[in-house]
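Spelled out, the chains give:
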Amino acid sequence: MRFHISACIAIAILFSIVGNSAAQTNTLYFMDKIPGRTGVNPGFIPSQDFYISLPSFYAGMGNNSFAMSDLLKSVNGSTVSAFDKGADYQSFLHTLKPSTEIKSEAKLNIFGFGFRKNKNYFSFGLSERVVSSANVPKDMFRLLLEGVNQNSTSQHFNLSSLAMDATAYVETSFGYARQVTPRLSIGGKLKLLFGQLNNKMSFSQLSLNGTEAQTTMSGTGTMRLSVPGKIYADKEGYPDFANMHGDDFGPTKFKGTGLGIDAGAAYKLTKDLTISAAITDLGFIHWQKSDWEGSVKANTTFNNMSFAVNGDNQFGAVLDTLKQSLHFKPNGKAYNSSLTAH
């Protein structure tokens, strides 16, 4: 019997910003000696008759709009970003789509094992996952890089598509794959999910109008927060993040449960050519409640604010003003959140 132990603390740490494409090539597809590639397609069958996987870590980030070379430039031997003072940012703005989707994922594989039984392969995995996404409108980048001009006619920045979402959960997976023919293999995974954290913010309308002399921000939005513990209210009724008690939090204080599935197949056309397809992380988490729910209703005027990153701003005053537009209430209703399917 062949025996395999994946003993690396980090099999792969992948950090990339991918431009002009939402699709990304996953290196695990081509690492046929690593059982972990069943994570990208459960139709792949490990070459080992039996394996045990010890802790490994994966992290990745990508977007659908720009590449690292668009954001960072070499100028006179120094690396300069589009956000540095005096940098030429126009080429960066030209690469952006109307809305930039930024996604990141971190996965800690805690433990796993698998074994072959005739033409069948059974597996189990336990992991911690953190998935986040942000939607940034092009006008937000333009505002931060150019700001509002004091001497121009009234400018308009549409920021309505601004949104953020983050979820942390523990995943237990039970996998089954079968070698149907010498060329065809199929497989699937059933996942039991235990939600730890969910945070979401979005806007139905958000805009900035005017000049630097006088600019008006208006918008409406919502936010929701569920955490593995308790966040108390301060004297003003806002969540008191500064005085959270460590005893009230813990990674095993789950706030929700859910289900997920993976399904895939692989067909070996020739010795050197295999066609495969899969869908992973199709599912949801049901949260018992939201610890805090908030709404934003802003209609605020700012004086002498450029809003540019390198401008002469009083961002503390902006945050204080926006805080007055936030309305929070604790102990919201139960709700569902979807996984990010691939």
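Here the structure is shown first, and the text comes after it.
Remarks on the overall build of the protein chain
- Looking only at helices and strands, the protein chain features four helices and 16 strands.
- A total of 342 residues make up the protein chain; the buried ones form 39% of that total.
- Within the protein chain, residue pairs in contact and separated by at least 24 positions form 74% of the contacts whose partners lie at least 6 positions apart.
- Of the roughly 18700 Å² that the protein chain leaves accessible, carbon and sulfur atoms contribute 58%.
- Distance between charge centres in the protein chain, computed from 31 positive and 25 negative side chains, equals 12 Å.

Concerning helix α3 (residues 138-146)
- Within the sequence span of α3, burial applies to Asp139, Met140, Phe141, Leu143 and Leu145.
- At its buried positions, α3 is contacted by α2 (90-95), β6 (99-117), β7 (120-137), β8 (155-158) and β10 (184-210).
- The first or second residue beyond α3 is Gly147, which carries a positive phi of 70°.

Here we look at the layout of surface pockets
- Its volume calculated, the second largest pocket comes out at about 940 Å³.
- Forming the walls of the second largest pocket are 36 residues, and the residues nearest its centre are Met164, Met201, Phe203, Leu319 and Leu322.
- Looking at the lining of the second largest pocket, the elements with two or more residues in it are α3, β9 (163-179), β10, β11 (214-226), β14 (292-303), α4 (315-323) and β15 (326-330).
- Its residues assigned to classes, the lining of the second largest pocket comprises 29 nonpolar, one polar and six charged.

Some words on the packing of aromatic side chains
- This structure, assessed with the given rule, holds 14 aromatic pairs.
- Between Phe113 and Phe124, the ring centres sit 5.8 Å apart and the planes meet at 35°, which makes this aromatic pair tilted. Separated by 11 residues along the polypeptide, Phe113 in strand β6 and Phe124 in strand β7 bring together distant segments of the chain.
- Among the residues examined, Phe113 registers a relative accessible area of 29% and is labelled partly exposed.
- Centre to centre, the rings of Phe122 and Tyr176 are 5.4 Å apart; their planes meet at 50°, and the pair counts as tilted. One end of the pair, Phe122, is in strand β7; the other, Tyr176, is in strand β9, and 54 residues separate them in sequence.
- What makes Phe122 partly exposed here is its relative accessible area of 30%.
- Pairwise contacts between aromatic rings join Phe66, Phe83, Phe92 and Phe141 into one cluster.

Observations regarding empty space enclosed by the protein
- Throughout the structure, instances matching the rule amount to one cavity of 30 Å³ or more.
- There is about 70 Å³ of room inside the largest cavity.
- In terms of lining residues, the largest cavity is bounded by Thr38, Pro42, Phe44, Pro46, Tyr51, Tyr121, Ser123, Gly175, Tyr176, Ala177, Gly188 and Lys189.
- For the lining of the largest cavity, the secondary structure elements donating two or more residues are β7, β9 and β10.

Examining the pattern of salt bridges
- This structure, assessed with the given rule, holds 10 salt bridges.
- Residues participating in the shared-partner salt-bridge network are Glu105, Arg129, Glu171, Lys191, Asp262 and Asp281.

Side note on the environment of Leu54
- Turning to its location among the elements, Leu54 is positioned in the loop between β2 (50-53) and β3 (56-63).
- Spatially, the C-alpha atoms of Leu54 and Phe113 are 9.0 Å apart, while their sequence positions differ by 59 residues.

What to know about the side chain of Thr100
- Looking at the secondary structure, you find Thr100 in strand β6.
- Residue Thr100 is classed as buried on the basis of its relative accessible area, which comes to 0%.
- At 3.2 Å, the side chain of Thr100 forms a polar contact with the side chain of Ser65.
- If sequence neighbours within four positions are ignored, Thr100 has contacts with Asn63, Asn64, Ser65, Phe66, Ala134, Asn135, Val136 and Phe141.

Let's talk about the environment of Asn331
- For Asn331, the position within the fold is in the loop between β15 and β16 (335-338).
- A residue is classified by how much of its surface remains accessible, and Asn331, at 49% relative accessible area, is partly exposed.
- A C-alpha to C-alpha distance of 9.9 Å links Asn331 and Leu225, two positions 106 residues apart in sequence.
- With residues up to four places along the chain from it excluded, the contact list for Asn331 reads Lys289, Ser290 and Asp291.
- At 3.0 Å, the side chain of Asn331 and the side chain of Lys289 are in polar contact.

Thresholds, definitions, all that
- Residues numbered from 1 in each chain as written.
- Predicted model: local features only at pLDDT ≥ 70, side-chain atom pairs only at ≥ 80, totals over all residues.
- Heavy atoms only, no water.
- Helix = DSSP H or I, 4+ residues; strand = E, 2+ residues; numbered from the N terminus.
- Buried < 20%, exposed > 50% of the residue type's maximum accessible area, 1.4 Å probe, protein only.
- Contact = heavy atoms within 4.5 Å.
- Areas by Shrake-Rupley, 256 points an atom, 1.4 Å probe, with all protein chains shown as cover.
- Lys, Arg positive; Asp, Glu negative; His and termini not counted.
- Charge placed at Lys NZ, Arg CZ, Asp CG, Glu CD.
- 1 Å grid on protein atoms, 1.4 Å probe; cavity = no way out; pocket = protein on both sides within 12 Å on 5 of 7 lines; lining within 4 Å.
- Points joined across faces, edges and corners; volume = space filled by probe spheres on them.
- Nonpolar A, V, L, I, M, F, W, Y, C, P; charged D, E, K, R; others polar.
- Phe/Tyr/Trp six-rings, centres within 6.5 Å; stacked < 30°, edge-to-face > 60°.
- Salt bridge = Lys/Arg side-chain N within 4 Å of Asp/Glu carboxyl O.
- Polar contact = N/O pair within 3.5 Å; in protein donor to acceptor, adjacent residues only side chain to side chain.

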